[in-house]
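Spelled out from the first residue to the last, the chains are:
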Amino acid sequence: MPEVLDGVVVAAEIKAEVAEKVRALAANGVTPGLAVILVGNVAASEIYVRSKVKTCAELGIYSEMLTPAETVTTDELLAMVAELNQRDEIDGILIQLPLPAHVETRRLLKAVAPEKDVDGFHPVNVGRLQSGQAGLQPCTPAGVMEMLRRRGIDVAGKHAVVLGRSDIVGKPMAMLLVNASATVTVCHSRTVDLTSYTQRAEVLVAAIGRPGFVTEDMVRPGAVVIDVGINRVTDERKFVEFFGDDPARRTTFAKRGSVVVGDVHPEAYRASSAYTPVPGGVGALTIAMLMANTVRAASLRRGLP
Ligand code: GUN
C-alpha cells in the first residue's frame, strides 16, 4: 500500500510553528500583517482568499482584504500596491491570480516590494530562487518541498519529472528540485511522448490543471507522486470515470453537485510508493506556506532572526 502524504497533517505542523514565531515576534512588539488584493468575483479565488484571511486570524497574523471591482484599472491597482509597500504594519502583499485580462499582471507583480512579496513572484525573488539565494519562494512548490523534507523523502540524485511549466508552480518547482540536487525534467503541453518521461520519474509532480490526466501506465512503480491539481468535476460520466462506485465521494457529489479530482487519476496512485491525495494534499500546504512567508517577511524586514 502506498503511503498517503497527508497535507492537512503537515500543514498543521507548519502552522503550529508559525504560531510560535508569531508569539516570539509579539514579544518584540511586532504583529505580522498580510494584505490580500482580490479583484472581481472569481468564485474559486474568493474561496482561496477567505481561507487565507481565516488562517491569518487563527495564527495571530493581522490581515486585510482589498476587493476592487472587476473594472479596476492597472493604474488603480498600482496605486494600491504603492500604498501597501509604504505601510509599516503590512509585511506581506498578495495579489490573487488570475487577474482580469485587461490588467497588466506582470507590471503589477513587479510593483510589489520584493521584501513584501510573500508569493515569491517578483523578478528579484525569482532570480534569488534561480541563483540559490535566500528569498521568498512561491508557496505551492515550497509547500511540496516542505512535505518531502518532513516525510523523509530525499530527492538528491533522484530523477524528478515536473508536468507543467507555469510561473506559479512548474518553473519554481523545477528550480527547487534542482537546488535540492534532483535531476529534473520539465514536461509540458508540447512535450513529445510524455509517457516515456513520466515512466522514468522517481518523483512525479503533476501541475497541469487537467483532471485525472496522469494514468496508472504513466507512473513508474514505486514513484513518489505529488498531485498539485485541484479540478472540479460536475459531470456524472466523469465522476464515474474517476471514482467508480466510491461511496464517500458519491455522498459528496450528491450533496455538493461536484467533487475535486487532481491531475492524477485516483487509480494511478496505486503504482506509487507515496502520494499526495486530492483534496487534503498539496492544497492545504499552500496556505500554511503563505503564513510562513508572511512571518519570515516580517522578521527579515526588521532584521530579526
Ligand atoms: N492563484 C492560484 N494560486 C495562486 C497563488 O499561489 N498565489 C496567488 N497570488 N494567486 C494564485
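A brief structural summary. Just so you know, the residues in each chain are numbered from 1, in the order the chain's sequence is written. Only residues with pLDDT of 70 or above have their local features reported here, since the model is predicted, and side-chain atom pairs are shown and tallied only from 80 upward, although totals for entire chains, interfaces and linings are computed over all residues. Note: side-chain values were computed over all heavy atoms of the structure, leaving out hydrogens and water.

1. Regarding the pattern of salt bridges
Side-chain pairs of opposite charge can arise where the charged atoms are in close proximity.
Turning to step 1, where the next piece is worked out: Here a salt bridge means any side-chain nitrogen of Lys or Arg lying within 4 Å of a carboxyl oxygen belonging to Asp or Glu. Scanning the entire structure with this criterion turns up 19 salt bridges.
Turning to step 2, where the next piece is worked out: Here Arg250 makes a salt bridge to Glu236, at a shortest N to O gap of 3.1 Å. Within this pair, whereas Arg250 is found in helix H10 (residues 247-256), its partner Glu236 is found in helix H9 (residues 236-243), the two being separated by 14 residues in sequence.
Turning to step 3, where the next piece is worked out: With a relative accessible area of 31%, Arg250 lands in the partly exposed category.
Turning to step 4, where the next piece is worked out: One network of salt bridges, with partners in common, ties together Glu13, Glu17, Glu146, Arg149, Arg150 and Arg151. Here a helix means four or more residues in a row that DSSP labels H or I, a strand means two or more in a row labelled E, and each is numbered from the N terminus. Classification of residues uses two cut-offs on accessible area relative to the type maximum, computed with a 1.4 Å probe and protein chains only: under 20% is buried, over 50% is exposed, and between them is partly exposed.

2. A few points about the layout of surface pockets
Turning to step 1, where the next piece is worked out: Estimated volume of the second largest pocket: approximately 680 Å³.
Turning to step 2, where the next piece is worked out: Points on a 1 Å grid over protein atoms alone make up a cavity when a 1.4 Å probe fits among them but cannot get out, and a pocket when they form an open set with protein on both sides within 12 Å along at least five of seven lines; lining residues each have an atom within 4 Å of a point. In terms of lining residues, the second largest pocket is bounded by 31 residues, among which Lys21, Glu146, Met289, Ala292 and Arg296 are the most central.
Turning to step 3, where the next piece is worked out: Take the lining of the second largest pocket: its biggest share by element is 7 residues, from helix H11 (residues 282-301).
Turning to step 4, where the next piece is worked out: The classification used treats Ala, Val, Leu, Ile, Met, Phe, Trp, Tyr, Cys and Pro as nonpolar, Asp, Glu, Lys and Arg as charged, and all other residues, Gly among them, as polar. Residues of the lining of the second largest pocket, tallied by class, amount to 19 nonpolar, 5 polar and 7 charged. Grid points are joined across faces, edges and corners, and a volume is the space filled by probe spheres set on the points.

3. Quick word on the site of the ligand
Turning to step 1, where the next piece is worked out: We define proximity as follows: a residue is near a molecule or strand when any one of its heavy atoms falls within 4 Å of that partner. Near the ligand you find Leu94, Ile95, Gln96, Leu97, Asp119 and Phe121, and these make up its full shell.
Turning to step 2, where the next piece is worked out: In protein, a polar contact means a hydrogen-donor-capable atom and an acceptor-capable atom, both N or O and within 3.5 Å, with residues adjacent in sequence counting only if both atoms are side-chain atoms; elsewhere, any N or O pair within 3.5 Å suffices. One nitrogen or oxygen atom from the side chain of Gln96 is found 3.3 Å from a nitrogen atom belonging to the ligand.
Turning to step 3, where the next piece is worked out: Separating a nitrogen atom of the ligand from a side-chain N or O atom of Asp119 is a distance of 2.5 Å.
Turning to step 4, where the next piece is worked out: Within the complex, 83% of the 280 Å² of free accessible area of the ligand lies under protein.
Turning to step 5, where the next piece is worked out: In terms of residue class, the shell around the ligand is built from 4 nonpolar, 1 polar and 1 charged. Here the open area of atoms and residues is found with the Shrake-Rupley method and a 1.4 Å probe, where only the protein chains shown may cover a residue.

4. Some points on H10
Turning to step 1, where the next piece is worked out: Of all 10 residues in H10, 1 are buried, a share of ten percent or less.
Turning to step 2, where the next piece is worked out: Where H10 starts, the residue carrying a side-chain oxygen 3.0 Å from the main-chain nitrogen of Ala248 turns out to be Asp246.
Turning to step 3, where the next piece is worked out: Residue Gly257 follows H10 closely and has a positive phi angle near 80°.

5. Quick notes on the pairing of strand S4 (residues 92-95)
Turning to step 1, where the next piece is worked out: Every second residue of S4 is oriented toward a common face, with Gly92 and Leu94 on one face and Ile93 and Ile95 on the other, all of them buried.
Turning to step 2, where the next piece is worked out: The rule for pairing is simple: two strands pair if DSSP sees at least two bridges between them. Pairing of strand S2 (residues 33-37) with S4, which is carried by 4 bridges, proceeds in the parallel orientation. Bridged to Ile37 within S4 is Ile95.

6. A closer look at the state of the cysteines
As used here, a disulfide is simply a covalent bond connecting the sulfur atoms of two cysteines.
Turning to step 1, where the next piece is worked out: The disulfide criterion used throughout: a pair of cysteine sulfur atoms within 2.5 Å. This model, assessed by the stated rule, comprises 0 disulfides.
Turning to step 2, where the next piece is worked out: The cysteine Cys139 is free of any disulfide, with Cys56 supplying the nearest cysteine sulfur at 11 Å.

7. Describing empty space enclosed by the protein
Turning to step 1, where the next piece is worked out: In total, this model carries 2 cavities of 30 Å³ or more according to the counting rule given.
Turning to step 2, where the next piece is worked out: A volume near 40 Å³ is recorded for the largest cavity.
Turning to step 3, where the next piece is worked out: Residue lining of the largest cavity: Ile93, Leu94, Ile95, Leu109, Val112, Asp117, Asp119 and Phe121, and that is the complete set.
Turning to step 4, where the next piece is worked out: The biggest single contributor to the lining of the largest cavity is S4, with 3 residues.
Turning to step 5, where the next piece is worked out: Classifying every residue of the lining of the largest cavity by side-chain character gives 6 nonpolar, no polar and 2 charged.

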